[in-house]
Amino acid sequence: MEAPTPLLSVAETRDGVWSVNERGPSRVAIAYFPSKWGAMKHAVRVAHAKPRCRVAVVERDGTVRAARDYEQGAGNHQVEV
């Protein structure tokens, strides 16, 4: 059985700060950034460092605005909206 794909969610907090939440089978972490660009760069950098990962941009109401799966060595990445 394959381990679940780790998830990195990028979301804006109520006070306007952007957070990157990492949830995986053996790790939970959170990082804060003053801009969406900084949060996205961090999330993609972390995703590229893992064998498999999903990055999702989450709206304040909890809906997923965009998601992308990253897989090390994969030539084409699929974008889900």
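Residues numbered from 1 in each chain as written. Predicted model: local features only at pLDDT ≥ 70, side-chain atom pairs only at ≥ 80, totals over all residues. Heavy atoms only, no water.

Visitor: Can you lay out the overall build of the protein chain for me, pointing to particular residues and giving the numbers?
Guide: On a plain count of helices and strands, the protein chain comes out with one helix and six strands. In the protein chain, of all internal contacts separated by at least 6 residues, the share reaching a separation of at least 24 is 30%. Working note: accessible area of the protein chain is about 5,600 Å², and carbon and sulfur atoms make up 53% of it. (Helix = DSSP H or I, 4+ residues; strand = E, 2+ residues; numbered from the N terminus. Contact = heavy atoms within 4.5 Å. Areas by Shrake-Rupley, 256 points an atom, 1.4 Å probe, with all protein chains shown as cover.)

Visitor: Can you explain the nonpolar core? Please cite residues and give values.
Guide: Formed by Leu8, Val10, Trp18, Val20, Phe33, Ala39, Ala43, Val46, Ala47, Cys53, Val55 and Tyr70, the largest nonpolar core amounts to 12 residues. Listed by contribution, the elements that provide at least two residues to this core are strand 1 (7-12), strand 2 (18-23), helix 1 (36-48) and strand 4 (52-58). For this core, the element with the highest residue contribution is helix 1, accounting for four residues. Leaving out residues up to four positions away in the same chain, Val55 has contacts with Leu8, Val10, Ala43, Ala47, Ala66, Ala67, Arg68 and Tyr70. (Core = buried A, V, L, I, M, F, W, Y, C linked by side-chain atoms within 4.5 Å. Buried < 20%, exposed > 50% of the residue type's maximum accessible area, 1.4 Å probe, protein only.)

Visitor: Outline the side chain of Thr13, listing residues and values.
Guide: The topology assignment puts Thr13 in the loop between strand 1 and strand 2. Side-chain polar atoms of Thr13 contact the side chain of Asp15, separated by 2.4 Å. Excluding residues that lie within four positions of it along the chain, Thr13 makes contacts with Ser19, Tyr32 and Arg60. (Polar contact = N/O pair within 3.5 Å; in protein donor to acceptor, adjacent residues only side chain to side chain.)

Visitor: Summarise the pairing of strand 5 (residues 64-71); cite the residues concerned and give the values.
Guide: The sheet contact formed by strand 4 and strand 5 spans seven bridges and is antiparallel. Bridged to Val57 within strand 5 is Ala66. Linkage of strand 4 to strand 5, two consecutive antiparallel strands, is achieved through a turn of five residues, within which Gly62 is found at a positive phi near 100°. (Pairing = 2+ DSSP bridges.)

Visitor: Explain the side chain of Ser9 to me, and be specific about the residues and the numbers.
Guide: Following the sequence through the fold, Ser9 ends up in strand 1. We classify Ser9 as buried; its relative accessible area is 7%. Once residues lying within four places of it in the same chain are set aside, the contact partners of Ser9 are Ser19, Val20, Asn21, Arg23, Ala56 and Val58.

Everything listed is a geometric property; what it means functionally is a separate question.
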